[in-house]
Amino acid sequence: MITPLLLLQDAAVERAPEMTTGSWIFMFSAWVFVATLLVWSFKRVLSEPGEAPETDIAGPPGG
Amino acid sequence: MSTTDYSAPDEREQWGSRVGLILAMAGNAVGLGNFLRFPNEAVNNGQGAFMVAYFISLLLLGIPLMWMEWGIGRRGGHFGYSTAPGMFQSLTKARIAKYIGALGVVMPLLIVIYYVYIESWTLGYAVESATGALGAVTDKASQVSTGDYFETYLGSQGNDSGFLGVAGWIGSHKAYTFFAITAAVNLWVLSRGLSKGIEIIAKIGMPVLLVCAIALVARVLTLPAEEGRSALDGLNIYWNPEQWTALYDDAQAKSLFGIGSAAIWLAAAGQIFFTLSVGSGAINTYSSYLSRDDDIALTGLATVSMNEFCEVVLGGTLAIPAAFLFFGMSGVEEAASGSMGLAFITMPEVFANAGVFGIAAGEYSVAILGTVWFGLLFVAGITSSLALSQPTMAFMQDTMGLTRKKAALVVGGIILLFVQPVILLDGVLGEIDYWAGTFGLVFFSTMEVVLFMWIFGSKRAWKEIHHGADIAIPKIFKFLMTFVTPVLLIGMLAFWGITQALPILSFEKTTGGDIIDPNDPAHMALVDNAGLARWMMLALFAFFVVLVWIAAKRGRFKSLENLAEDA
């Protein structure tokens, strides 16, 4: 049975979390790590020669 | 079944560009798991503690496995293999390897059977949002809740009452209609091939997805506070360091989250498998279309980083903080208690409370934000379902010799046949998701890592991954790949075997962990449906094992000692 969410609004104040200094540090560390990895890797990828990869097969299997 | 000329290797497909490859690979990884599964898993499995286990799993399991799969795939492609049966056989002399590899064709197909169905809900809801139907439901005067509406949507097949006409039939069969449209779009793209189909969709879809997600995140973070709660405070659900003790303190974990510490670690590892699409065979197939000298170290890392950005930064900042702002912690927990409630029940209500572009909160804001949200989910879904379909497509083309269009028809036929019980019977979707989309990923990854790092050998495997690399992978990863990753995987399987295997296999517990009451008819109906799902999966696996056997008889597979060039 799904409880209509609007009915929960009044009871929703309990256990409301609040961002602490520790939370901010944890979140930004994770975000900076992920964003840095993204920017660094794409920068490297785009700086490499952009030729289209080609399929290269040693020989037909089987037969 | 027609045969093909195996002596024409240049018929194998290839990527059009490196950027296209990265976007297709990222599209494979970025899917419904990033925006739906991740928030649910985090809320239900340790919250702040989950995130620590998540990042550790990413480093110890996700990234090493990703590099291994790229390596196995590119090496397989070099010998003309696009799927796991040939790839596995090329790594060892043991003849059984190709049959184990059949899992790398069956599992993604099993996943895509239900994945396309869920993907079709997002398309259906995007259309319902754009046409105002969803907005009308969220109106305060509406007699129907978004939960009822979702249940009606899913149950909207087979409710015929006399002649309905085409429009009437579609109206009463929404779930079926949108599934048919979604499946047809998938098959059409697949039938166009790699560079003209999948790659084009990825090149258009991924930027669209990023723009939509960033726009929604910006809206969520700028929403005014409600009753003293802000969306930013909702972020604390993921980032609370005070919950870290639950990672090792079992009693603390149980008192805070109702689950033990081990469950937090297992859930985080499971999410890493699902989100990176490792263990499904899809990465192997995509990377098989690379050249022998193409980089995989940097390219693989780029796709992982894009996936993590979409999951941790974007996916984590959307649904949960928005739900928290309007409905508080109770609302978040209620929404996350069902696997799809957050996306399809809570978010429409969030949009009904959030104005946008000067438009007051209400039906119009649901139309705008709902279309963007469900459209974003659809794009995320289709890029993943295409990747999950490609191993079977490639197997049918390269191993069984079908043309691309015939292969698409076979894949479509299997999906259409097997999706019927998924749509019509309770519990079938969950059962397939458990065995193929959860347990199967870990099992297949274990097979891969043992085969690649231990049997093929860590020295050769490391050399293979580094061949043509644009970056030097830190040496610590060789140690992780050789010892830590396989030991962790085997440990996870052993833990499952000891604690879960028997009750689940004997139907004492559901795959969701609920105790089955043999006196409850509803429970026994679920057991029947789960049993049917297991037979379906076994039948499909047996079918592909037979196909592999036929292909082997035709001389399609060469084992390690017979390959001219040992990478």
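This structure is a prediction, so every number in the text was calculated from the model and none was measured.

Caption draft 1: Here's a closer look at the overall build of chain A. Secondary structure summary: chain A contains 2 helices and 0 strands in total. For chain A, the proportion of its 63 residues judged to be buried stands at 35%. For chain A, the computed accessible surface area is about 4,000 Å², with 65% contributed by carbon and sulfur atoms.

Caption draft 2: Up close: the confidence of the model for chain A. All names here are of chain A. Mean pLDDT over chain A works out to 69, with 49% of the residues at or above the 70 mark. pLDDT under 50 marks residues 1–14. Its contacts with residues more than four places away, or in other chains, come to 32 contacts. Here residues 52–63 scores under 50 on pLDDT; set against residues more than four positions off or in separate chains, the count is 45 contacts.

Caption draft 3: Molecular detail of the nonpolar core. Residue and element names in this part refer to chain B. In this structure, Phe35, Met51, Trp67, Trp239, Trp373, Ile432 and Phe544 are the most contacted members of the largest nonpolar core, which totals 216 residues. Looking at which element gives the most residues to this core, the answer is helix 6 (residues 103–130), with 18 residues. Not counting chain neighbours up to four residues away, the residues in contact with Ile432 comprise Leu110, Tyr114, Val422, Gly437, Ala533, Met536 and Met537.

Caption draft 4: Focus on the confidence of the model for chain B. All names here are of chain B. The predicted model of chain B has a mean per-residue pLDDT of 90, with 94% of residues at 70 or higher. Throughout residues 1–10 the model reports pLDDT below 50, and contacts reaching past four residues in sequence, or to other chains, amount to 19 contacts. Contacts for the low-pLDDT stretch residues 157–164, under 50 throughout, to residues beyond four places or in other chains number 15 contacts.

Caption draft 5: Structural detail: unusual backbone geometry. The backbone of Glu227 of chain B shows a phi angle near 50°, a positive value even though the residue is not glycine. Of note, Glu227 of chain B is situated in the loop between helix 11 (194–221) and helix 12 (231–234).

Caption draft 6: Representation of the packing of helix 21 (residues 404–424) of chain B against helix 25 (residues 521–553) of chain B. Residues and elements named next belong to chain B. Two elements in contact, helix 21 and helix 25, have axes separated by 10 Å at closest approach and are oriented at 165°. The pairing of helix 21 with helix 25 is recorded here as roughly antiparallel in orientation. At the point where helix 21 passes helix 25, the crossing takes the right-handed sense. Residues Ile414, Phe418 and Pro421 of helix 21 pack against Leu532, Met536, Leu540, Phe543 and Phe544 of helix 25.

Caption draft 7: View of the packing of helix 20 (residues 363–399) of chain B against helix 21 of chain B. All names here are of chain B. Two elements in contact, helix 20 and helix 21, have axes separated by 9 Å at closest approach and are oriented at 130°. Between helix 20 and helix 21, the interaxial angle falls into the category oblique. The way helix 20 lies across helix 21 gives a crossing that is right-handed. Of the residues in helix 21, those in contact with Thr392, Met393, Met396 and Gln397 of helix 20 are Arg404, Ala407, Ala408, Val410 and Val411. Taken together, the residues of the contact of helix 20 with helix 21 break down into 6 nonpolar, 2 polar and 1 charged.

Caption draft 8: A nonpolar patch on the surface, seen in detail. Residue and element names in this part refer to chain B. On the surface, Trp454, Ile455, Val487 and Ile490 cluster together to form a nonpolar patch covering roughly 370 Å² of accessible area. Taken together, the elements giving at least two residues each to the nonpolar patch come down to helix 22 (428–455) and helix 24 (476–505). Here Ile455 lies in helix 22. Relative accessible area serves as the criterion here: at 48%, Ile455 is assigned to the partly exposed category.

Caption draft 9: Up close: the packing of aromatic side chains. Residue and element names in this part refer to chain B. Tallying each qualifying case throughout the model produces 38 aromatic pairs over all chains. The interplanar angle of 80° and the centroid separation of 5.3 Å between the aromatic rings of Phe543 and Phe544 together place this pair among those described as edge-to-face. Residue class for Phe544 comes out buried when judged on its relative accessible area of 0%. Clustering of aromatic rings is evident, with ring pairs tying together Tyr117, Trp121, Tyr125, Tyr149, Phe150, Tyr153, Phe179, Phe344, Trp373 and Phe374. The lysine or arginine in question, Arg460, covers the ring of Phe456, its NZ or CZ lying 4.5 Å from the ring centre.

Here is what the cut-offs are and how they apply
Residue positions are given per chain, counted from 1 along the sequence in the order it is written. The lettering of chains begins at A and the numbering of ligands begins at 1, in the order of writing. This being a predicted model, a pLDDT of at least 70 is required before a residue's local features are given, and a value of 80 or more before pairs of side-chain atoms are given or counted; all residues contribute to the totals for chains, interfaces and linings. Side-chain calculation: all heavy atoms of the structure are included, whereas hydrogens and water are not. In this text, helices come from DSSP runs of H or I with a minimum length of four residues, and strands from runs of E with a minimum of two, each type numbered from the N-terminal end. Relative accessibility decides the category of a residue: with a 1.4 Å probe and only protein chains considered, values under 20% of the type maximum give buried, values over 50% give exposed, and everything between is partly exposed. Every accessible area reported is derived by Shrake-Rupley at a probe size of 1.4 Å, with residue values counting cover from the shown protein chains alone. pLDDT is a per-residue confidence score from the predictor, ranging from 0 to 100. Pairs of residues are marked as contacts when any of their non-hydrogen atoms sit within 4.5 Å. Throughout, nonpolar core names a set of buried Ala, Val, Leu, Ile, Met, Phe, Trp, Tyr and Cys residues whose side chains join them through atoms within 4.5 Å. Here an axis means a line fitted to C-alpha atoms, over the contact stretch when the element is a helix, while the angle between two N-to-C directions is reported on a 0 to 180 degree scale. An angle below 35 degrees is treated as roughly parallel, one above 145 as roughly antiparallel, one from 65 to 115 as roughly perpendicular, and anything else as oblique. Take the far helix as your reference; a near helix turned counterclockwise from it by less than a right angle gives a left-handed crossing, and one turned clockwise gives a right-handed crossing. Residues were grouped as follows: Ala, Val, Leu, Ile, Met, Phe, Trp, Tyr, Cys and Pro as nonpolar; Asp, Glu, Lys and Arg as charged; and all remaining residues, including Gly, as polar. The patch calculation keeps residues exceeding 30% relative accessible area without a salt bridge and links them within 9 Å when they carry like charges or within 5 Å when they are nonpolar (Val, Leu, Ile, Met, Phe, Trp, Tyr). One speaks of a salt bridge when a side-chain nitrogen belonging to Lys or Arg is within 4 Å of a carboxyl oxygen belonging to Asp or Glu. Paired rings are identified among Phe, Tyr and Trp, the last through its six-membered ring, by centres lying within 6.5 Å, and are further divided according to the angle between planes into stacked (under 30 degrees), edge-to-face (over 60) and tilted (the rest). Each ring is checked for a lysine NZ or an arginine CZ that lies within 6 Å of its centre and within 35 degrees of its normal; such an atom marks a charge sitting over the ring.

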